[in-house]
Amino acid sequence: MRKNITKEQYELALERVENLLPLVDDNTSVTDKRAVELALMSDIVIEYEKTHFPISKPTVAELLELSLEDRGISKKDFAKEIGVSPSRVSDYLSGRSEPTLKIARMICKVLNISPAVILGV
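Structure report, in brief. Just so you know, these numbers come straight off a predicted model, no measurement behind them.

Thresholds, definitions, all that
- Residues numbered from 1 in each chain as written.
- Predicted model: local features only at pLDDT ≥ 70, side-chain atom pairs only at ≥ 80, totals over all residues.
- Heavy atoms only, no water.
- Axes fitted to C-alpha atoms, helices over the stretch in contact; angles between N-to-C directions.
- Helix = DSSP H or I, 4+ residues; strand = E, 2+ residues; numbered from the N terminus.
- Parallel < 35°, antiparallel > 145°, perpendicular 65-115°, else oblique.
- Left-handed = near helix turned anticlockwise from the far one by under 90°.
- Contact = heavy atoms within 4.5 Å.
- Nonpolar A, V, L, I, M, F, W, Y, C, P; charged D, E, K, R; others polar.
- Buried < 20%, exposed > 50% of the residue type's maximum accessible area, 1.4 Å probe, protein only.
- Arc of directions from axis to C-beta.

## As for the packing of helix α4 (residues 75-82) against helix α6 (residues 101-111)
The interhelical angle for the contact between α4 and α6, taken along N-to-C directions, is 120°, at an axis separation of 9 Å. When the axes of α4 and α6 are compared, the pair comes out oblique. Crossing geometry of α4 relative to α6 is assigned as right-handed. Contacts from Phe78, Glu81 and Ile82 in α4 reach Ile103, Met106, Ile107, Val110 and Leu111 in α6. Its residues assigned to classes, the contact of α4 with α6 comprises 7 nonpolar, no polar and 1 charged.

Right, dumping it as structure tokens:
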């Protein structure tokens with residue numbers, strides 16, 4: 001794949017992907033002209049976005065904040081469940097401190113998060 005995709009090429013490929021998506025479904029043969037073109041245009045879009053719009057892994061603070069919000073758990077209740085003070089949870093959420101391995105294990109258990117995610121693997 002070409003690495004020097006211009007913004008114009010990206011925009012054209014993105015527009016073409018949007019036009020082709022309604023025409024190609026799971027029943028379309030992989031050798032169908034539209035399916036092949038969709039795959040090629042998608043590769044161009046993906047390559048450009050990897051370079052210009054990279055998505056980084058969330059920090060422990062971001063992960064905790066999103067997980068608490070999704071589950072509707074207060075900082076105070078969360079602190080009780082993992083065995084730390086509410087101020088320590090605030091430290092985790094602000095990024096001032098990271099949990100110990102023991103506390104990280106409890107966080108994974110309480111929030112049902114994979115250990116690999118919290119360890120940034």
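Next comes the rest of the account.
## What about α6?
All of the buried residues along α6 are Ile103, Ala104, Ile107, Cys108 and Leu111. Buried residues in α6, looked at end-on, bunch into an arc of 145°, giving them a common side. Of the exposed residues in α6, those oriented more than 90 degrees away from the buried face are Lys102, Arg105 and Lys109. Those residues of α6 that are buried lie in contact with α3 (60-71), α4, α5 (86-94) and α7 (115-118). Once α6 ends, the next one or two residues include Asn112, with phi positive near 55°.

## Some thoughts on the environment of Ile107
Mapped onto the secondary structure, Ile107 falls in helix α6. Exposure remark for Ile107: the relative accessible area of 0% places this residue in the buried category. For the pair Ile107 and Glu81, spaced 26 residues apart in sequence, the C-alpha separation works out to 8.6 Å. When sequence neighbours within four positions are dropped, the list of residues in contact with Ile107 reads Leu64, Phe78, Ile82, Pro99, Asn112 and Ile118.

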